[in-house]
Structures are given as structure tokens and as C-alpha cells.
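# Notes for the structure review
Residues per chain are reported as follows:
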Amino acid sequence: MGPNDCRVMTYREHGAWVVKAHLQKETDGHIISVSVNGDVRFFEPRSPDSVNVLQTVKGLTALDIHPQANLFACGSMNQFIAVYNANGDVISNIKYYDGFMGQRIGAISCLAFHPHWPHLAVGSNDYYMSIYSAEKRLR
């Protein structure tokens, strides 16, 4: 089929570049999208308009949604990551800071949650990859 014949729905509510679109796997799952301006929109697949909008911060470059927990993480070119719950409440902030060995986080280029555990992999444009967890690692 041609592109115009197989398209189901087109949404045009974001005012800027869409960073990520995510289809939830549940049968009543939403479509979640975020733009570089920080607006996270939740769409019902059978509705022509978004059903909820959460405003995060501007300058977003990455987003990932945990497949089991009601969490999503947003990464920014301004060297921070924010983790939110489904209501839009900030659960955690991971920010840039200078330390004894140099900077700890660069501008975020990609994010990925582990499918089963509360672990978040973060890639940045300073050639580093970091893993963050809600659990303290025992040595």
C-alpha cells in the first residue's frame, strides 16, 4: 500500500522537532511523544487530540520510557537527566557538576531503560556511557 493509503492517524500538536514517539504495548496503551521544547504528549489511539500534556524542560535531546514501571526519563543538551512518573512528578534529577576528576555528565545523546530492572543507560556526546540505578550497588 502507498503511504497515504496505510496511514491510520496523523497528529500535529507539537510545535517543535519530535525527539521520540513511543507506542505502549498494552491493548489500551497510549502513544507517547516528546518534542525538543519539552512537551510530553499522551495520545489515545482512537482520539484525534492528545489526552494529556506534561511540560518538562526545554532543550531535550533524548527520551525513554520504562516498559514496566510508570517512569520516563528525559535527557538534555544542558547536561542533565530528569526521571518522571506518569503524573509528571520529578522522581530524580541527575545533573552536571565538576569534580576532582573532571566533569561527570556531558550533553545527553541517548537514553535506554533496562526492560525489567530500574537501570538507565545514558550516552553523551563526550564519548561516555553511564549506567544509573535506583538500587545501591554492593561491593
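The rules behind the values
Residues numbered from 1 in each chain as written. Predicted model: local features only at pLDDT ≥ 70, side-chain atom pairs only at ≥ 80, totals over all residues. Heavy atoms only, no water. Buried < 20%, exposed > 50% of the residue type's maximum accessible area, 1.4 Å probe, protein only. Helix = DSSP H or I, 4+ residues; strand = E, 2+ residues; numbered from the N terminus. Pairing = 2+ DSSP bridges. pLDDT = per-residue confidence, 0-100. Axes fitted to C-alpha atoms, helices over the stretch in contact; angles between N-to-C directions.

- An unreviewed UniProt entry lists the protein under the name Regulatory-associated protein of mTOR-like, with Notothenia coriiceps given as the organism.

## What to know about the pairing of strand S3 (residues 39–43)
- Taken across its 5 residues, S3 has 5 buried, putting it largely inside the fold.
- Residues Asp39, Arg41 and Phe43 line one face of S3 and the alternating positions Val40 and Phe42 line the opposite face, and both faces are buried.
- Inspection of the sheet shows strand S2 (residues 31–35) paired to S3 by 4 bridges, in the antiparallel sense. Considered in S3, the bridge of Ile32 is made with Phe42.
- Count of turn residues in the S2/S3 antiparallel hairpin: 3 residues, of which Gly38 carries a positive phi of about 95 degrees.
- Where S3 folds back on strand S4 (residues 50–55), the antiparallel hairpin that results is connected by 6 residues.

## Topic: the confidence of the model for the protein
- Summarising the model, the protein shows a mean pLDDT of 85, and 89% of its residues fall at 70 or more.
- At the low end of the mean pLDDT range in the protein sits strand S10 (residues 102–103), at 60; at the high end sits strand S11 (residues 108–113), at 93.

## Section: the sheet that holds strand S13 (residues 129–133)
- Spatially, the 3 strands line up as an open sheet ordered S11-S12-S13, and their pairing is antiparallel. Only two strands of the sheet have a single neighbouring strand rather than two, namely S11 and S13. Geometrically, the sheet is characterised by an average inter-axis angle of 20 degrees between neighbouring strands, direction not taken into account.
- Bridge count for S11 against strand S12 (residues 119–124) is 5 bridges, and the pairing is antiparallel.

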